[in-house]
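Understanding the architecture of this molecule
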Amino acid sequence: MNWLNSEAFTLFGQHIIWSDMTGNILGLITLALGWRRSLWTWPVQFLSGLVLFAAFYGHLTGSAGKQVVVMVVALYGWWQWQRSRNGSGDGHITPRFATWRERAGMLAAAAAGTVAVALLFTAYPSLSWDPWPDAYIFVGTIVAMYAQAKSMVEFWFAWLLVDLVGVPLNFANGYAFSGFVYVIYGAFVLWGMRDWWLRSRRQARPALEGAPA
């Protein structure tokens, strides 16, 4: 798998490696499929994690370990969407807003998880170059994937918050292609957020109209 860590091309003076390019292109496809509420978003997410795991395994243990977590959450998302779409009647999952309890739980998990992972990265410097931002992005990604698995509109907000740190961090660490992809992620997130938001309102309206006054 050494070819995954070789240079694909140079862009604006930045060296683009195959694993960075392939993994992030698959990540874009994953986000587009998620926007369309396609079950295939999860296998592609799993494949993206597998490619990056193969690229990192053996020399970047921390990065490889993070991809294992991503792949596990992708399997969980597949299972959740498979159940949800079978009960929806139209073969797609039904977007919804999280309850206040769910939002509080995700915020608490994100905060505690970021601190715990950052402390782990700090204790073992070989796991990360930038412990706190890297922990924030990693935990934020897992929270976003969990919210997506649960069909929550809030998963788009979580991705947007990840992008705000991910773009400058990737450019600073020399992963130019990841930085450019995160910019495109931002556009996809805004479109997807609007689509899921409107769908959740349309699908909730009949129940509201039929409710007793």
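**Side note on the overall build of the chain**
Helix and strand content of the chain: seven helices and two strands. For the chain, the sequential pattern of α-helices and β-strands runs β-β-α-α-α-α-α-α-α. Per-residue burial for the chain yields a buried fraction of 44% across its 213 residues. Here the contacts in the chain between residues at least 6 apart in sequence split such that 65% fall between residues at least 24 apart. Surface exposure of the chain reaches about 11,300 Å², of which carbon and sulfur atoms provide 69%.

**Description of the packing of aromatic side chains**
What describes a pair of aromatic rings is the distance from one ring centre to the other and the angle between the planes of the rings. Here the structure, examined in full by the defined rule, presents 10 aromatic pairs. Residues Trp 42 and Trp 81 carry aromatic rings whose centres are separated by 5.6 Å and whose planes lie at 90° to one another, so their mutual orientation is edge-to-face. Linking Trp 42 in helix α2 (residues 41–56) with Trp 81 in helix α3 (residues 61–86), this pair joins segments that are 39 residues apart in sequence. In this structure Trp 42 comes out as buried when scored by relative accessible area, which is 2%. Residues Tyr 76 and Tyr 146 carry aromatic rings whose centres are separated by 6.3 Å and whose planes lie at 5° to one another, so their mutual orientation is stacked. Remark: Tyr 146 occurs in helix α5 (residues 131–149) and Tyr 76 occurs in helix α3; sequence separation between them is 70 residues.

**So, the environment of Val 183**
Examined against the element boundaries, Val 183 turns out to sit in helix α7 (residues 176–209). For Val 183, a relative accessible area of 48% gives the class partly exposed.

**Looking at the packing of helix α1 (residues 18–35) against α2**
To describe two helices that pack against each other, one gives the angle between their axes and the distance between the axes. The interhelical angle for the contact between α1 and α2, taken along N-to-C directions, is 165°, at an axis separation of 8 Å. Judged by the inter-axis angle, α1 sits roughly antiparallel to α2. The handedness of the crossing between α1 and α2 comes out as left-handed. From α1, Ser 19, Thr 22, Gly 23, Leu 26, Gly 27, Ile 29, Thr 30, Leu 33 and Gly 34 reach across to α2, where they touch Thr 41, Val 44, Gln 45, Leu 47, Ser 48, Val 51, Leu 52 and Ala 55. Grouping the amino acids of the contact of α1 with α2 by side-chain chemistry returns eight nonpolar, nine polar and no charged.

**A few points about the confidence of the model for the chain**
Do not read the predicted coordinates in detail wherever pLDDT is low. The predicted model of the chain averages 80 in pLDDT, with 78% of residues at 70 or higher. Confidence, read as mean pLDDT per element, is least for strand β1 (residues 7–11) in the chain (65) and greatest for helix α4 (residues 100–123) (95). Counted against residues more than four places away or in other chains, residues 206–213, with its pLDDT under 50, gives zero contacts.

**Regarding the side chain of Glu 154**
Among the secondary structure elements, Glu 154 is positioned in helix α6 (residues 154–172). Only 2.8 Å separates the side chain of Glu 154 from the side chain of Arg 103, close enough to count as a polar contact.

**A look at a nonpolar patch on the surface**
The grouping of Val 115, Leu 119 and Trp 132 at the surface amounts to a nonpolar patch, some 290 Å² of accessible area in total. Considering the arrangement of structural elements, one finds Trp 132 in helix α5.

**Remarks on unusual backbone geometry**
With a phi close to 60°, Arg 37 is a non-glycine residue in the positive phi region. Among the structural elements, Arg 37 can be located in the loop between α1 and α2. On the basis of relative accessibility, which here comes to 8%, the residue Arg 37 falls in the buried class. Its identity is not glycine, yet Ser 151 carries a phi of approximately 65°, on the positive side.

Conventions and cut-offs
Residues numbered from 1 in each chain as written. Predicted model: local features only at pLDDT ≥ 70, side-chain atom pairs only at ≥ 80, totals over all residues. Heavy atoms only, no water. Helix = DSSP H or I, 4+ residues; strand = E, 2+ residues; numbered from the N terminus. Buried < 20%, exposed > 50% of the residue type's maximum accessible area, 1.4 Å probe, protein only. Contact = heavy atoms within 4.5 Å. Areas by Shrake-Rupley, 256 points an atom, 1.4 Å probe, with all protein chains shown as cover. Phe/Tyr/Trp six-rings, centres within 6.5 Å; stacked < 30°, edge-to-face > 60°. Axes fitted to C-alpha atoms, helices over the stretch in contact; angles between N-to-C directions. Parallel < 35°, antiparallel > 145°, perpendicular 65-115°, else oblique. Left-handed = near helix turned anticlockwise from the far one by under 90°. Nonpolar A, V, L, I, M, F, W, Y, C, P; charged D, E, K, R; others polar. pLDDT = per-residue confidence, 0-100. Polar contact = N/O pair within 3.5 Å; in protein donor to acceptor, adjacent residues only side chain to side chain. Patch = residues over 30% accessible without salt bridge, like charges linked within 9 Å, V, L, I, M, F, W, Y side chains within 5 Å. Salt bridge = Lys/Arg side-chain N within 4 Å of Asp/Glu carboxyl O.

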